[in-house]
Amino acid sequence: MHEHRYWMEYALKEAQKAFELGEIPVGAIIVYKGQIIAKGYNQVETLKDATAHAEMIALSAAYNYFQAWRLDGCTIYVTLEPCPMCAGAIVLSRVDKIVFGAYDFKAGACGSVYNIAGDGNLNHKVEVIGGIMGDEAQSLLRAFFEGLRKNDMGRF
């Protein structure tokens with residue numbers, strides 16, 4: 001678990017970047033053979049793109065790193081349980097493992113609401129480990145949404 005906490009710290013740094021931009025603070029990194037090969041943070045509002053989730057941005061960066069769409073041997077670390085879109089993309093990319101922080105009991109697709117990552121009907125199953133530094137990830141999300149309510153931004 002120490003190794004997962006180590007990498008999750010980096011994902012949390014990515015989430016902090018999103019927070020500072022006024023984006024929902026979710027960050028992701030992809031690790032291959034003990035090194036970070038890709039990073040991402042939510043940029044939905046910045047890019048005006050509903051698919052610009054942290055995981056999707058990190059996946060695209062990993063494709064560029066390998067010059068291929070298969071991410072065999074990779075682990076993605078993400079601060080919030082992936083949604084159905086992101087979990088589907090992770091499965092299709094053949095990522096070996098998802099390690100996430102906070103559970104998403106509204107839209108999580110790695111065991112909370114759905115289990116796309118472990119669906120035996122799909123051609124690939126992804127190992128999932130949840131709750132790594134979940135309190136820290138949840139705290140950042142809570143601070144973000146409390147700030148929105150306080151400022152009455154009404155965006156979400």
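Everything quoted here is computed from the prediction, not taken from an experiment.

Between helix α1 (residues 2-20) and helix α5 (residues 134-151), the least distance of the axes is 10 Å, while the angle of their chain directions is 10°. Between α1 and α5, the interaxial angle falls into the category roughly parallel. Note on element contacts: α5 touches α1 through Glu136, Ala137, Leu140, Ala143 and Phe144, opposite Arg5, Leu12, Ala15, Gln16 and Phe19. Class assignment of the residues belonging to the contact of α1 with α5 gives a composition of seven nonpolar, one polar and two charged.

Once that is clear, we can look at the environment of Glu81. Along the chain, the position of Glu81 falls in the loop between β3 (74-80) and α4 (84-92). C-alpha of Glu81 to C-alpha of Ala11: the two residues are 70 residues apart in sequence and 12 Å apart in space. With near-sequence residues (within four places) excluded, Glu81 lies in contact with Phe100, Ala102, Tyr103, Asp104, Gly108, Ala109, Cys110, Gly111 and Ser112. At 3.0 Å, the side chain of Glu81 forms a polar contact with the backbone nitrogen of Asp104.

Following the sequence through the fold, Leu12 ends up in helix α1. A sequence separation of 67 residues divides Leu12 from Thr79, and the C-alpha atoms of the two residues are 6.3 Å apart. Residues in contact with Leu12, not counting those within four places in the same chain, are Thr79, Met133, Glu136, Ala137 and Leu140.

Residues given the UniProt feature "domain: CMP/dCMP-type deaminase" (unreviewed entry) here are residues 2-121. Secondary structure content for residues 2-121 is 38% helix and 22% strand, and the end C-alpha separation is 33 Å.

We now examine the sheet that holds strand β1 (residues 27-32). Taken together, five strands build an open sheet; the order of strands is β2-β1-β3-β4-β5 and the sheet is mixed. Bordering the open sheet on either side are β2 (35-41) and β5 (127-129), each of which pairs with just one other strand. This sheet shows a mean twist of 20° between the axes of neighbouring strands, independent of strand direction. In this structure, strand β4 (residues 97-102) lies alongside β5, joined through three bridges in parallel fashion. Paired with Ile98 across the bridge in β5 is Val128. Sheet strands touched by helix α3 (residues 54-66): β1, β2 and β3. Its angle to β2, the strand with the most contacts, is close to 140°.

The next point concerns the UniProt feature "binding site: Zn(2+)" (unreviewed entry) in the chain. Within this numbering scheme, the UniProt entry marks His53, Cys83 and Cys86 as carrying the feature "binding site: Zn(2+)" (unreviewed entry). Spanning 34 residues, the named residues form one tight spatial group whose C-alpha atoms are at most 9.3 Å apart. Cross-referencing the annotated residues with the lining of the largest pocket gives His53, Cys83 and Cys86. Along the chain, Cys83 turns up in the loop between β3 and α4. With respect to the helices and strands, Cys86 occurs in helix α4. Judged by relative accessible area, which is 0%, Cys86 ranks as buried. Ignoring any residue separated from it by four or fewer positions in sequence, one finds Cys86 in contact with His53, Glu55 and Met56.

How each quantity is defined
Residues numbered from 1 in each chain as written. Predicted model: local features only at pLDDT ≥ 70, side-chain atom pairs only at ≥ 80, totals over all residues. Heavy atoms only, no water. Axes fitted to C-alpha atoms, helices over the stretch in contact; angles between N-to-C directions. Helix = DSSP H or I, 4+ residues; strand = E, 2+ residues; numbered from the N terminus. Parallel < 35°, antiparallel > 145°, perpendicular 65-115°, else oblique. Contact = heavy atoms within 4.5 Å. Nonpolar A, V, L, I, M, F, W, Y, C, P; charged D, E, K, R; others polar. Polar contact = N/O pair within 3.5 Å; in protein donor to acceptor, adjacent residues only side chain to side chain. UniProt positions renumbered as here; feature names shortened; annotations may be inferred. Pairing = 2+ DSSP bridges. 1 Å grid on protein atoms, 1.4 Å probe; cavity = no way out; pocket = protein on both sides within 12 Å on 5 of 7 lines; lining within 4 Å. Buried < 20%, exposed > 50% of the residue type's maximum accessible area, 1.4 Å probe, protein only.

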